[in-house]
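# Coordinate inspection notes
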Amino acid sequence: MTRGQVSPLPSRWTLAGPSPEESAACAALSRDAQLPPLVAELLVARGIATAADAERFLHPRIEDLLDPFSMLGMDRAAERIRRAIAAQEPILIYGDYDVDGTTATVLLKTAIERLGGTIRFHIPHRLREGYGMQREILEIAAREGVRLVISVDTGIRAFAAAEAAAELGLDLIVTDHHLPETELGTPRALAVLNPNQAGCEYGCRHLCGAGVAFKLAQALLEAWDRERARTKILPSFLKMLAIATIADAVPLLGENRVFVALGLEELRRPVGLGLRALMREAQIDPARRPLTAVDVAFRLAPRINAAGRMDIASEVIELFTTRDETRASELAAKLERLNQERRSAEAAVLAEIAVRLEEPCFRETRCIVMDGDGWHRGVIGILASRIVDQTGKPAVVVTRENGEAYGSGRSIPAFHLLEAIESCHELFTRFGGHAHAVGFSLPSDRVPELRERLGAWAAEHLREEDLGNPLECHAVLALDEITPVLFEWLRRMEPFGMGNEEPIFVARNVRVTAPPQFMKEKHVRLRMAQGRSFSAVGWNLAKRVRELQVGPESIVQLAYRVRHNDHPDFGGLELEIAGIEAASS
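These figures come from a predicted structure and were not determined experimentally.

### Quick word on the overall build of the protein chain
If you tally the helices and strands in the protein chain, you get 19 helices and 19 strands. A compact globule built from 585 residues should have a C-alpha radius of gyration of about 25 Å, and the protein chain, at 25 Å, falls within 12% of that. Counting only C-alpha atoms and orienting by the principal axes, one finds that the protein chain spans roughly 80 × 60 × 50 Å. Total accessible area on the protein chain is roughly 25,600 Å²; 49% of this is exposed by carbon and sulfur atoms. Once the 70 positive and 81 negative side-chain charges of the protein chain are each reduced to a mean point, those two points are 4 Å apart.

### Structural notes on the sheet that holds strand E3 (residues 118–122)
Spatial strand order, E3-E2-E4-E5-E6: 5 strands in an open sheet with parallel pairing. The sheet is open, and its two borders are formed by E3 and strand E6 (191–193), each paired with just one other strand. Here the strands of the sheet are splayed against their neighbours by 20° on average, with no regard to which way each runs. Strand direction decides the pairing type here: strand E5 (residues 171–175) and E6, joined by 3 bridges, are parallel. Bridge pairing links Ile 173 to Ala 191 in E6.

### Quick notes on the pairing of strand E8 (residues 395–401)
Summarising burial for E8: 5 of the 7 residues are buried, a large majority. The pairing of strand E7 (residues 368–373) with E8 spans 6 bridges and is classified as parallel. When the sheet's bridge partners are listed, Val 369 is paired in E8 with Val 396. In this region the chain leaves E7, passes through helix H15 (residues 380–391) and returns to the parallel neighbour E8; the handedness of that crossover is right-handed. The pairing of E8 with strand E9 (residues 404–410) spans 7 bridges and is antiparallel. Bridge pairing links Val 397 to Ser 408 in E9. Counted between consecutive antiparallel strands, the loop separating E8 from E9 contains 2 residues, among which Asn 402 sits at a positive phi close to 50°.

### Considering the environment of Leu 300
Tracing the chain through its elements places Leu 300 in helix H11 (residues 293–310). Residue class for Leu 300 comes out buried when judged on its relative accessible area of 0%. Note: C-alpha distance between Leu 300 and Val 397 (97 residues apart in sequence) is 25 Å. Those residues within four positions of Leu 300 in sequence are excluded, and the remaining contacts are Ile 243, Leu 278, Met 279, Ala 282, Ile 284, Leu 291 and Asp 295.

### Things to note about the packing of H11 against helix H13 (residues 325–356)
Between H11 and H13, whose axes approach to 8 Å, the crossing angle comes to 75°. Judged by the angle between their axes, H11 and H13 are roughly perpendicular. On H13, the residues touching Pro 302, Arg 303, Ile 304, Ala 306, Ala 307, Arg 309 and Met 310 of H11 are Leu 335, Glu 336, Leu 338, Asn 339, Glu 341, Arg 342 and Ala 345. Residue classes in the contact of H11 with H13 are distributed as 8 nonpolar, 1 polar and 5 charged.

### Regarding the environment of Arg 56
Position of Arg 56 relative to the elements: it lies in helix H3 (residues 51–58). By relative accessible area, which is 43% here, Arg 56 ends up partly exposed. Through-space distance from the C-alpha of Arg 56 to that of Arg 257 is 9.7 Å; in sequence the pair is 201 residues apart.

### Some points on the confidence of the model for the protein chain
Per-residue pLDDT for the protein chain averages 93, and the proportion of residues at 70 or more is 98%. Within the model, the stretch residues 1–7 combines pLDDT values under 50 with 15 contacts to residues more than four positions away or in other chains.

### Quick look at H3
Among all positions of H3, only Ala 54, Phe 57 and Leu 58 are buried. The buried side chains of H3 occupy one side of the element, clustering within an arc of 85° when seen end-on. As for H3, its buried residues are in contact with helix H1 (20–33), helix H2 (37–45), helix H9 (255–267) and helix H18 (484–491).

### Points about the sheet that holds E7
Across the sheet, 5 strands lie side by side as E7-E8-E9-E11-E10; this open sheet has mixed pairing. Sheet topology places E7 and strand E10 (430–434) at the edges, where each strand pairs with a single neighbour. Strand-to-strand twist of the sheet, defined as the mean angle between neighbouring strand axes without regard to direction, takes the value 15°. Pairing geometry for E9 and strand E11 (residues 437–443), over 7 bridges, is antiparallel. When the bridges of E11 are listed, Arg 410 appears paired with Ala 437.

### Overview of the pattern of salt bridges
Scanning all chains against the criterion turns up 45 salt bridges. With its nearest N and O atoms 2.4 Å apart, the salt bridge here joins Arg 56 to Asp 53. Here Asp 53 and Arg 56 lie together in helix H3, a separation of 3 residues that amounts to about one turn. Linking Arg 563 and Glu 576 is a salt bridge whose minimum nitrogen-to-oxygen distance equals 3.2 Å. One end of the pair, Arg 563, is in strand E18 (residues 555–565); the other, Glu 576, is in strand E19 (residues 572–582), and 13 residues separate them in sequence. Among the residues examined, Glu 576 registers a relative accessible area of 15% and is labelled buried. Among the charged side chains, a network of salt bridges with common partners joins Glu 352, Arg 356, Asp 371, Asp 373, Arg 400 and Arg 451.

### What about the packing of H1 against H2?
In contact at an axis separation of 8 Å, H1 and H2 are set at 125° when each is read in the N-to-C sense. As the angle between them shows, H1 and H2 are arranged oblique. In the crossing of H1 with H2, the sense of the turn from one axis to the other is right-handed. Taken together, the residues of H2 that come into contact with H1 (itself represented by Glu 22, Ala 25, Cys 26, Leu 29 and Ser 30) are Pro 37, Ala 40, Glu 41, Leu 43 and Val 44.

Conventions adopted
Residues numbered from 1 in each chain as written. Predicted model: local features only at pLDDT ≥ 70, side-chain atom pairs only at ≥ 80, totals over all residues. Heavy atoms only, no water. Helix = DSSP H or I, 4+ residues; strand = E, 2+ residues; numbered from the N terminus. Rg over C-alpha atoms; globule rule 2.2 N^0.38 Å. Areas by Shrake-Rupley, 256 points an atom, 1.4 Å probe, with all protein chains shown as cover. Lys, Arg positive; Asp, Glu negative; His and termini not counted. Charge placed at Lys NZ, Arg CZ, Asp CG, Glu CD. Pairing = 2+ DSSP bridges. Axes fitted to C-alpha atoms, helices over the stretch in contact; angles between N-to-C directions. Buried < 20%, exposed > 50% of the residue type's maximum accessible area, 1.4 Å probe, protein only. Right-handed = clockwise from strand over helix to strand, strands pointing away. Contact = heavy atoms within 4.5 Å. Parallel < 35°, antiparallel > 145°, perpendicular 65-115°, else oblique. Nonpolar A, V, L, I, M, F, W, Y, C, P; charged D, E, K, R; others polar. pLDDT = per-residue confidence, 0-100. Arc of directions from axis to C-beta. Salt bridge = Lys/Arg side-chain N within 4 Å of Asp/Glu carboxyl O. Left-handed = near helix turned anticlockwise from the far one by under 90°.

As C-alpha cells, this is what we get:
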C-alpha cells in the first residue's frame, strides 16, 4: 500500500491522507528540502510548503523571533514604559495566578528592572479576589504613587477596571492573549497588546500571555541594546517562556515553536536558584538527559500551578527571583506540598464525578455541566479536562459557595466553548477564555439554566460524529520502513505539543511473534514483526490485548509512536502502542 492511501480503519481511528494537491506539495518539498517523503508529508500537514519554511521549522534560531513592533500598540506601550523608567515612576504589573500569568510577571518585571525601572506586582488570590483586575487594587496603587499599570495574561475584557484606572489617573497597558469581547472590542487603555484584537497583523496569533509579555520585553531590551538582548538576555528569558507556552497549550508552531525549542535548550543549563530547586523537587536532572515538553507539562507546570490553585501564587514570583538558596528550597518544597494537596483534592471529587457521569442526563447531553458544593476552585479546570478525556464531550465544572457559583470549562476540537458561553452571557457575573477553555462566575441559582442553555447550544452546534475521543493517526508507516535515520528526522520535529502533535503511525497486517508480557496487570509488551521485528509497549492496554486474545501469530492493525530506549543492555528503537485492533479480513 502506498503512503497516504487510506483504507478502512477501526471506527475510532482517523487518518487523513494528503489530497492530490498536497501529494504534489509533499513531493516538491521532499525534493527541494532533501527530506524523506514521510517527513515532507508531516510538514505539509502543518502548513509548511517551502524549503525555507522547513529549514525554519526544523532548525529554530533566535533570529527567527518576529519584530515586536509589528504588534498593534507596541510603539505606544514601549514609549510609555521608557518614560516611566526615565522618571523613576513606580510601575504596577497586574498578573494572573496560573503558570502563564506568573511567568509573564517574572519576565516583564525582570526586563524592566534590568533597564532601571521600579516594579511592583500584584497576583490575585484565586479564592479571595478571583480572576482579573479589581478596582480596590488599582486604588491602593494610585494612593502609593503608581501612575502606570501593565496587565499580563489578563485585562482584555476588564472594561470596568479600565474605566476605574482612567478615573484614578492611571495609564493602563493591557497585555493579554484571550479573545476580546465580540461587540465591545477592547477596553479603554493607553495601549492594548493582543495579537487577537481587530486590526493587529502580528505574524503569530496564538501566543500565550507570557508570549505577549515577552514581546513587550523584547521591544524594550532591543531598543536599549539589540546585540546584548539577542545574545545574552532574551535567550535566558526563553526558559520561563517555554514553560508558560507549553503549560498554556497554545499551538507549538510559528514563533511559539521558536520559544519552546530554544527554551528547552536553555533549560538544560538552569541558572536561577528557584528553577533549580523546583527541578530537584520534580526529580528532573537536566545534566542526565535533555528536558522535553512532556517533562514541562507534567512535572514542572503542575507544581507552579499548584501555588495559584491551592494558596498564594505571588510566591511563584519570589521563587523565580530570589537570590537566597535556602529560601528557594523552602518555596520549591512548598509548591511540592501544594501539588500533593491539589492531587488529593482532585481525586476526592473525581470519585464523585465518576459515579454521577452514569446518570442518564449526563449520558444524553452533548455538553456536560457538572456542579457540586464546596469543590475546591483550584481544581475545577483539571476536573473539566478529566471529564472531556473520559467522555469525549465538552465539559463545565461548577462549584457553589455561599450563593455564588464558579466554573471552569474545557472543550473538544469541534466545539467553540467561548462562543457557547457568550450565547448566554446574561447569566454571568463575569466570564472569559477562548475556544477550548473558559472560566466564569454566576449566581448559584442560575446553574440549572446554564446547564439547559449549554445543552441546547451543543445539540444545535455539535454532531454526534463530533463527539468522542478519536485516535488521530498521521500517516501510514509499515514497520519495515522504520530506520534509525528516519527516527533522527522525526526527532528534529520536536518539541511536540498542540498543533505539532507527535506523529502516530498506522501499520496494517502486523504479526505478533511472541506471547504478550503483562506488567502490573495494566500494561503489556508485545513482539511484533512486519519485515523487521520490534518490541512494543502498550500502557494501560493489557485489558484490550486480552479482549482481542492477542497471541503468537495474531495479525493486528497497529497505531504507534516510534521511541528510542536508552537502556545500555536492550536499548534501541521500539514502539509505543497507541491503539491495537484485529486486522480486517
